[in-house]
Amino acid sequence: MTEDAAEPYLGRRIVVRGATGSGKTTLTRRLGALLDLPAIELDALFWQPSWAETPAPEFREKVTEALEAVPEGWVCDGAYTTRLGDLVVSRANTLVWLHLPWRVSFWRLLKRTIGRARTREPMWAGNTESWRKAFLSRDSLLLWSITHHRGFARSTRRSATALPEGSRVYELKSAREVEALLSAVERSATAGFAS
C-alpha cells in the first residue's frame, strides 16, 4: 500500500530503501534535518577500513545500538536484508521506497562513482573509490547495480510486510515525487513551528 505523499505523515522512525544510486542517503539526511531526527546510515556501520565487511552478528549489534541510542526517533537508510533481516523495518513507522527507474539510479551511481574515483573523497571508515574497484573488480558497485536491480523491488515488497501494523509506505517513482514529499514535509514542519 502506498500512502499519499502530498499529505505525508512520516512518524518518528523512518526507513529509506532504494537501489544503489537512488538517493537514499541524501533523502535520509534531508528528512532528518526537516524532522529534527538523527540520520543513521547503514553503510557507515557496515564498512570497516580497507573495505572489510563487519561480520553479521557484530553488524546487527551495531545497528541495534544505533537505533536504541535515539529513542526519540531516527531516519535510517539502507537495506542489508540478508544480514539484518527485518531488524530495522520491524521498528519503523514508515517506509519510504525510492523506486526510481533503474536507468536513473544507474546514471546517478555512475556519475557519483566517477566523481569519487577522481577526487578520492573519503567514504565510510576512510575508504575511497578507485578506478580499479569501480570498473575492473567483481566488487564494483556498478556491477552490483546491474546484477541486483531486479531483485531489489521484490526484497523491498517483502520487507514492507514486516512493518508494524498501522505503518505507512511511500513509494516514490521519480525525482519529482521525492521533491514533492520533501516539500510537503517541510510545509508540515513549518506549520508545526508556527502553531
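Higher on the page you've got the structure.
Just so it is clear, the model here is predicted, and its values are computed rather than measured.

## Examining the sheet that holds strand 6 (residues 94–98)
Overall, parallel pairing links the five strands, which are arranged 2-5-1-6-7 in an open sheet. At either end of the open sheet lies a strand with only one pairing partner, and these are strand 2 (39–41) and strand 7 (168–172). Shown here is a sheet whose adjacent strand axes are inclined to one another by a mean of 20 degrees, direction ignored. Pairing between strand 1 (residues 13–18) and strand 6: five bridges, direction parallel. Note on strand 6: the bridge partner recorded for Val15 is Leu95. Against the sheet, helix 7 (residues 141–160) makes contact with strand 1, strand 6 and strand 7, and its axis sits at roughly 170 degrees relative to strand 6, the strand it touches most.

## Some details on the pattern of salt bridges
This structure, assessed with the given rule, holds five salt bridges. Its salt-bridge partner being Arg91, residue Glu68 comes within 3.5 Å of it at the nearest N-O pair. Placement of Glu68 in helix 3 (residues 56–68) and of Arg91 in the loop between helix 4 (81–84) and strand 6 is noted, with a sequence separation of 23 residues between them.

Conventions used here
Sequence order as written defines the numbering, with residues in each chain counted from 1. Side-chain atom pairs in this predicted model are given and counted only at pLDDT of 80 or more, local residue features only at pLDDT of at least 70, and totals for whole chains, interfaces and linings cover all residues. By convention in this description, side-chain values take in all heavy atoms of the structure and omit both hydrogens and water. Strands were regarded as paired on the criterion that DSSP finds at least two bridges between them. The helix count covers DSSP runs of H or I at least four residues long, the strand count covers runs of E at least two residues long, and both are numbered beginning at the N terminus. Axes here mean lines fitted to C-alpha atoms, for a helix over just the part in contact, with angles spanning 0 to 180 degrees between N-to-C directions. For this analysis, residues touch if any pair of their heavy atoms sits within 4.5 Å. Here, a salt bridge means any Lys or Arg side-chain nitrogen found within 4 Å of an Asp or Glu carboxyl oxygen.

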